[in-house]
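So the chains spell out like this:
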Amino acid sequence: MISEKVKILIVDDEIDQSELLAGFLSKKGFETKSAGNVSDAVEIFKKQGFDAAILDLKLPDGDGIELLKKLRSIDPDLGAIFLTAYATVESAAEGIRAGAEEFIEKPVELEQLEILIRRLTERRKMVMENRALLESSTVNMPSQVVSESPAMKEIINIIARVAPTDAPVLVTGESGTGKELIARLLHTGSSRKDKPFIPINCAAIPETLLESELFGYEPGAFTGARKRQPGKFELASSGTAFLDEIGDFPPLLQAKLLRFLEDGSFFRLGGKEPVKTDVRIVSATNRNIERMVEENQFREDLFYRLNLIRIHIPPLRKRPEDLLVLSNKFLNEFARKHNKPIKGFTEPARSKILRYPWYGNVRELKNCIQRAVILTRTEYITPQLIPGEALEKEEVNKIDLRPLQEIEKEHILSILRYCDYNQTEAARILGIHRNTLRKKLKDYDIEKK
């Protein structure tokens, strides 16, 4: 039994089925309300509100998928389960895309239903607690952070929980997704916010200089070293050191970095006395660091030290909800900067922003909008100033004369890379069974990642 009654809405035009579910859930401590069609369900939901909904896929005045969209417009955190006597792969996929967490067939196994309901309501409780934590958190979101996508909102929730701690954080994601911004949020949300934040690009510093840059050096450590020089870790004392591009950290220095992470002490280059400092480490990479560990390019023990908390930023093309809000933000920012009276984007320009893949992520989008603001002579940004159209016309006029197998292999590889080599997701996008994909991987000698 649960201590607080969780409210469940049951929408099914079969009265016997609805009564069976309501009776069972009431005995388990849930509060239930039933409706037999879409319109009644919406009205009841508006008046009472619920923690989860059990929806029949087929209803007299519509379907469960459209109903869920209406209910989610009222309460985005609503958990949902679809019931149907007509289960097919297509209907299940459509239901899951609509936002239902679960999809089960009639006749319903009641014990399974109870497990699913409890899972949904626990998830809802956690989301609401995270939101409350975020609202009361010391994290001060800078003005440049805007997002509508669930993935980014969840990242902000994680930051709210992790920032007050000293836990090492590894931020992963493609170039241009904003990994340094996440690191700065972690710093400003911590008790170290008034202390230094020192960013260090591990890929930009030559290997021969990186050790002295990080750990400092003593006089005479090398030619030209006339006085003691503190390193970045000393300069970041009581604050945060951000190790960007950690995947490019030289193998010979990884052991020294590991020792520093273990006990907070190190030796300056040419030094004989240990130096101890209190620094929080946030690192980032756009590389597949797990694969680097497997290939012995990165120390496994160092990886586990850095990867205590992982924050992965999805590429912009996988969170289209953020495209227009970011575009509008950049537009307003650069219109003020360049003193141009621009009111917005034309509808074709907005459509083009949504279609373009933005492989350079937020950085590419920001540069594109700034360029458009500078070049436009009108009050609205037109599609001619958004990338993609010339490329599309060029592609239309091309004829690919390669053999079909070569094209198919290349396409499969592209989809696999897009899905980070998740074969289940790749098979779904390709519209084939996972076993079929596996056979093609074998036929085309595509190495499994």
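For the structure itself, look to the data block above.
Residues numbered from 1 in each chain as written. Predicted model: local features only at pLDDT ≥ 70, side-chain atom pairs only at ≥ 80, totals over all residues. Heavy atoms only, no water.

## Remarks on the packing of aromatic side chains
- A full pass over the atoms with the stated rule returns 9 aromatic pairs.
- The interplanar angle of 20° and the centroid separation of 6.2 Å between the aromatic rings of F197 and F242 together place this pair among those described as stacked. With F197 in strand β9 (residues 197-201) and F242 in strand β10 (residues 240-244), the pair connects residues that are 45 residues apart, well separated along the chain.
- Judged by its relative accessible area of 13%, F197 is buried.
- Ring centres of F215 and F266 lie 5.4 Å apart, and the angle between their planes is 50°; this geometry places the pair in the tilted category. Of this pair, F215 sits in helix α8 (residues 207-215) while F266 sits in strand β11 (residues 265-267); the two residues are 51 residues apart in sequence, bridging distant segments of the chain. Of the two residues, F215 and F266, both sit in the buried class.
- Following the ring pairs from residue to residue traces out a cluster consisting of F215, F233, F260 and F266.
- Cation over ring: K256 sits above F215, and NZ or CZ is 4.6 Å from the ring centre. (Phe/Tyr/Trp six-rings, centres within 6.5 Å; stacked < 30°, edge-to-face > 60°. Helix = DSSP H or I, 4+ residues; strand = E, 2+ residues; numbered from the N terminus. Buried < 20%, exposed > 50% of the residue type's maximum accessible area, 1.4 Å probe, protein only. Lys NZ or Arg CZ within 6 Å of the ring centre and 35° of its normal.)

## Focus on the sheet that holds strand β13 (residues 280-285)
- Taken in spatial order, the 5 strands of this open sheet run β9-β10-β13-β8-β14, and their pairing is parallel. Strands at the two margins of the open sheet, each flanked by one partner only, are β9 and β14 (309-312). Averaged over all pairs of adjacent strands, the angle between their axes in this sheet comes to 20°, without regard to strand direction.
- Strand direction decides the pairing type here: strand β8 (residues 169-172) and β13, joined by 4 bridges, are parallel. (Pairing = 2+ DSSP bridges. Axes fitted to C-alpha atoms, helices over the stretch in contact; angles between N-to-C directions.)

## A closer look at the sheet that holds strand β2 (residues 31-35)
- Taken in spatial order, the 5 strands make up an open sheet running β2-β1-β3-β6-β7, and their pairing is parallel. The open sheet terminates on both sides in strands that have one partner only, identified here as β2 and β7 (102-105). On average, each strand axis in the sheet is inclined to that of its neighbour by 20°, with strand direction left out of account.

## Thoughts on unusual backbone geometry
- Residue P107 follows K106 across a cis peptide bond; omega there is -5°.
- Secondary-structure assignment places P107 in the loop between β7 and α5 (110-136).
- The phi torsion at S238 lies on the positive side, around 70°, for a residue other than glycine.
- Relative to the elements of secondary structure, S238 occurs in the loop between α9 (232-235) and β10.
- One non-glycine residue with positive phi stands out, namely N339, at about 55°.
- Among the residues examined, N339 registers a relative accessible area of 68% and is labelled exposed.

## What about the pattern of salt bridges?
- Counted under the stated rule, the structure contains 27 salt bridges.
- For R192, the salt bridge goes to D278, with nearest N and O atoms at 2.8 Å. Here D278 lies in the loop between β12 (274-276) and β13 and R192 lies in the loop between α7 (179-188) and β9, a separation of 86 residues in the sequence.
- A relative accessible area of 5% places R192 in the buried class.
- The salt bridge partner of K440 is E408, with a shortest N-O separation of 3.1 Å. Taken together, the residues span a long stretch of sequence, with K440 in helix α19 (residues 434-443) and E408 in helix α17 (residues 404-418) at a distance of 32 residues.
- On the accessibility criterion, K440 (22% relative accessible area) is partly exposed.
- What you see here is one network of salt bridges that share partners, running through D12, E14, D56 and K106. (Salt bridge = Lys/Arg side-chain N within 4 Å of Asp/Glu carboxyl O.)

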